[in-house]
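Structure at a glance
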Amino acid sequence: MLRKFFSSTAEVPQASAIPRHVAIIMDGNGRWAKKRLLPRVAGHQQGVERVRDVIQACIEHGVGYLTLFAFSSENWRRPKEEVSKLMELFVMALEREVDKMHKNGIRLQVVGDLSQFSPQLQELIRAGEAKTGGNDRLVLTIAANYGGRWDILNAVNRWLAANPEVEQIDEARLTPYLSMAYAPEPDLFIRTGGEQRISNFLVWQLAYTELYFTDILWPDFGAESLAQAIAWYQKRERRFGRTSEQLLER
Ligand code: IPE
Ligand code: IPE
Ligand code: MG
């Protein structure tokens, strides 16, 4: 397997003014709905609308990779009705959006343990990825039934199965097996909804990512909010272990 991108721990990456990869935990849908005395699912519906705006804004900024956490491996713990509504919304969004994405040059990827989804949803995902596979304007990754720990263990197990005779694994050998091996590590992580935690998102890949937390609830997050997050990102000094003085020398 070919390694296309550098690892932030194996070498010092070149930081760019516009984040190449933005990863977002879209949180706060339930609270948005509650504030309006609406059922939680209304918040999720509104959340899907925001996804479209943020995709467009990313394209305008020149972001190459956008990764959205849609459903965590722990979200199965929610009430059954909410889980099935979320699945329905996922199906509807794929049915409605894949053609438009394709026309806009977006490549869709879905990462996570998809085996737990209905055959219909799995087929929609497969077809969407196949249809858009040749596009390169923006790589949109939806993390669904995704967990960072699952990702690492899955990679280790797949590596072990492919290399039964080798005794030790190292970073360069492991990373091609991680589910997002096709993308650079995220430069900018955004979590809406006010919580300051990773919630088992990309635990390996976020090692050197700039972490941005905002109280804005996901259904209220739009192009302007994204621009603010990018402006914040541009003020960060990405040292990757070095000193400020060393950065000035370059
Ligand atoms: C995020 O919003 C969407 C999913 C986890 C699917 P929440 O549903 O977690 O909203 P809050 O955190 O309850 O407000
Ligand atoms: C994280 O949000 C997962 C997604 C946004 C899909 P949660 O709302 O599930 O996170 P916790 O449980 O509050 O940490
Ligand atoms: Mg939440």
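Keep in mind the model is a prediction, meaning the values are calculated, not measured.

1. Considering unusual backbone geometry
Here the phi dihedral of Ser199 falls at roughly 45 degrees; this positive angle occurs in a residue that is not glycine. Inspection of the secondary structure puts Ser199 in the loop between strand 5 (188-191) and strand 6 (210-213).

2. With respect to the sheet that holds strand 4 (residues 138-146)
Overall, parallel pairing links the six strands, which are arranged 3-4-2-1-5-6 in an open sheet. Here the strands that pair on one side only, and so sit at the sheet edges, are strand 3 (106-111) and strand 6. Across the sheet, the mean angle separating the axes of adjacent strands is 20 degrees when strand polarity is ignored. As paired strands, strand 1 (residues 21-25) and strand 5 are joined by four bridges and run parallel to one another. Looking at the pairing, Ala23 lines up with Phe189 of strand 5.

3. So, the site of ligand 1
Around ligand 1, the structure places Met26, Asp27, Gly28, Asn29, Gly30, Arg31, Arg40, His44, Ala70, Asn75, Arg78 and Leu86. In this structure, an oxygen atom belonging to ligand 1 sits 3.4 Å away from a main-chain N or O atom of Gly28. Contact distances for ligand 1 include 2.7 Å between an oxygen atom and a side-chain N or O atom of Arg31. Here ligand 1 loses 86% of its free accessible area of 380 Å² to cover by the protein chains. Listed by contribution, the elements that provide at least two residues to the shell around ligand 1 are helix 1 (29-35) and helix 2 (40-61). Per-element tally for the shell around ligand 1: the top contributor is helix 1, with three residues.

4. A short note on the site of ligand 2
Contacts to ligand 2 come from Ile25, Met26, Asp27, Phe69, Ala70, Phe71, Ser72, Asn75, Arg78, Arg191, Arg197 and Ser199. The contact in question runs from an oxygen atom of ligand 2 to an N or O atom on the side chain of Asp27, over 3.1 Å. The separation between an oxygen atom of ligand 2 and a polar side-chain atom of Arg197 is 2.7 Å. Relative to its free-state accessible area of 390 Å², ligand 2 is covered by the protein chains to the extent of 77%. Among the elements that take part in the shell around ligand 2, strand 2 (residues 65-72) stands out by supplying four residues, more than any other. Its residues placed into classes, the shell around ligand 2 shows five nonpolar, three polar and four charged.

5. Observations concerning the nonpolar core
Ile24, Leu66, Phe90, Leu140 and Ile190 are the most contacted members of the largest nonpolar core, which has 40 residues in total. Sort the elements by how many residues they give to this core and helix 3 (residues 80-103) lands first, with eight residues. Excluding residues within four positions of it along the chain, Phe90 makes contact with Val110, Phe117, Leu121, Ile125, Ile142 and Ala144. Membership of the second largest hydrophobic core comes to 16 residues, among which are Tyr65, Ala143, Tyr146 and Ala183.

Rules of the game
- Residues numbered from 1 in each chain as written.
- Chains lettered and ligands numbered in written order.
- Predicted model: local features only at pLDDT ≥ 70, side-chain atom pairs only at ≥ 80, totals over all residues.
- Heavy atoms only, no water.
- Helix = DSSP H or I, 4+ residues; strand = E, 2+ residues; numbered from the N terminus.
- Pairing = 2+ DSSP bridges.
- Axes fitted to C-alpha atoms, helices over the stretch in contact; angles between N-to-C directions.
- Near = heavy atom within 4 Å.
- Polar contact = N/O pair within 3.5 Å; in protein donor to acceptor, adjacent residues only side chain to side chain.
- Areas by Shrake-Rupley, 256 points an atom, 1.4 Å probe, with all protein chains shown as cover.
- Nonpolar A, V, L, I, M, F, W, Y, C, P; charged D, E, K, R; others polar.
- Core = buried A, V, L, I, M, F, W, Y, C linked by side-chain atoms within 4.5 Å.
- Buried < 20%, exposed > 50% of the residue type's maximum accessible area, 1.4 Å probe, protein only.
- Contact = heavy atoms within 4.5 Å.

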